[in-house]
Amino acid sequence: MSEYGIKDRAARKGDRVVCNLNVYVDGIAVTSASSSGETFVIGDKSMIDEVDTAFAGMNVGETKNVEVEYPDDYVEYDFLEKLYNLGYDSFRFKITLIV
């Protein structure tokens, strides 16, 4: 596992990164579900798979949009489950790699 500070290459599995995560439902930002300065290791399964794998190949400062279907077996994020129970089954994450 690498330390923070990916500067001269794209992020890859095993890298510890800091990122911003913004969540949107039907184009509306869900600020209570968004976070800044989130830290995790790419590939450690602490994020939804689509979000986790999207960081691999990103460079510092890069931003991506990731479409996510609510995974039936995923219960880590309570806000996604609440939105799913309200009838929303897909979400868009705008992710930015900070470090």
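Details of the structure are given in the entry above.
Per-chain numbering applies: the sequence of each chain, read as written, is numbered from 1 onward. Since the coordinates come from a predicted model, pLDDT governs what is reported: local features require at least 70, and pairs of side-chain atoms require 80 or more to be given and counted, while whole-chain, interface and lining totals use all residues. Calculation of side-chain values draws on the structure's entire complement of heavy atoms; hydrogens and water are dropped beforehand.

**With respect to the pairing of strand β5 (residues 90-97)**
Counted only if it meets this: Any two strands with at least two DSSP bridges between them are considered paired. Secondary structure elements follow DSSP: runs of H or I no shorter than four residues count as helices, runs of E no shorter than two count as strands, and numbering proceeds from the N terminus.
Examined bridge by bridge, strand β1 (residues 16-25) and β5 share 6 bridges and lie antiparallel to one another. From the neighbouring strand, L21 faces β5, where its bridge partner is I95. Across 7 bridges, the pairing between strand β4 (residues 63-69) and β5 is antiparallel. Within β5, the residue paired with V66 across the bridge is F93.

**Re a negative patch on the surface**
Definition in use: Patch criteria: residues need more than 30% relative accessible area and no salt bridge. Like-charged residues are merged within 9 Å; nonpolar side chains of Val, Leu, Ile, Met, Phe, Trp and Tyr are merged within 5 Å. Exposure was quantified through the Shrake-Rupley algorithm and a 1.4 Å probe, taking into account, for residues, occlusion by the shown protein chains and nothing else. Salt bridges, as used here, are contacts in which a Lys or Arg side-chain nitrogen is within 4 Å of a carboxyl oxygen on Asp or Glu. The charged-residue count follows a simple rule in which Lys and Arg add positive charge and Asp and Glu add negative charge, with His and chain termini not counted at all. By convention, charge coordinates are those of NZ in Lys, CZ in Arg, CG in Asp, or CD in Glu. For the exposure calls, accessible area comes from a 1.4 Å probe over protein chains only, and a residue counts as buried if that area is under 20% of its type's maximum, exposed if over 50%, partly exposed in between.
Where like charges cluster on the molecular surface, the negative patch consists of E50, E67, E69 and D89. Here D89 falls in the partly exposed class, since its relative accessible area comes to 42%.

**Side note on the pairing of β1**
Burial runs high along β1: 7 of the 10 residues are buried. As defined by bridge partners, β1 adjoins strand β2 (residues 28-29) across 2 bridges and the pair is classed as antiparallel. Paired with V25 across the bridge in β2 is I28.

**Focus on the pattern of salt bridges**
The final tally for this structure, using the stated rule, is 2 salt bridges. In this structure, D15 and R9 form a salt bridge, with 2.8 Å as the shortest nitrogen-oxygen distance. The partner of K45 in a salt bridge is D49, and the shortest N-O contact between them spans 3.6 Å. Of the residues examined, D49 reaches a relative accessible area of 43% and is grouped as partly exposed.

**Topic: the nonpolar core**
Formally: Side-chain atoms within 4.5 Å link the members of a nonpolar core, which is a set of buried Ala, Val, Leu, Ile, Met, Phe, Trp, Tyr and Cys residues. Contacts: residue pairs with any heavy atoms within 4.5 Å of one another.
Core analysis: the largest hydrophobic core is formed by 24 residues, its most contacted members being V17, L21, F40, V51, F55, F93 and I95. Contributions of two or more residues to this core are made by β1, α1 (49-55), β4 and β5. Those residues in contact with V51 that lie beyond four places of it in its chain are L21, V66, V68, F93 and I95.

**Here we look at the environment of N22**
Within the element layout of this structure, N22 appears in strand β1. We classify N22 as partly exposed; its relative accessible area is 27%. Those residues within four positions of N22 in sequence are excluded, and the remaining contacts are S34, R92, F93 and K94.

**A few points about the environment of S32**
Assignment of secondary structure puts S32 in the loop between β2 and β3 (35-41). Residues S32 and N22 lie 10 residues apart in sequence; the distance between their C-alpha atoms is 9.5 Å.

**Quick notes on the side chain of T96**
To keep things clear, this is the line we draw: Pairs of N or O atoms within 3.5 Å make up the polar contacts considered here, provided that, within protein, one atom can donate a hydrogen while the other can accept it, and that residues adjacent in sequence are counted only when both atoms are side-chain atoms.
Its location among the elements puts T96 in strand β5. Owing to a relative accessible area of 16%, T96 belongs among the buried residues under this scheme. A polar side-chain atom of T96 sits 2.9 Å from a polar atom in the side chain of T63. In contact with T96, not counting residues within four places along its chain, are V18, C19, N20, F55, G61, E62 and T63.

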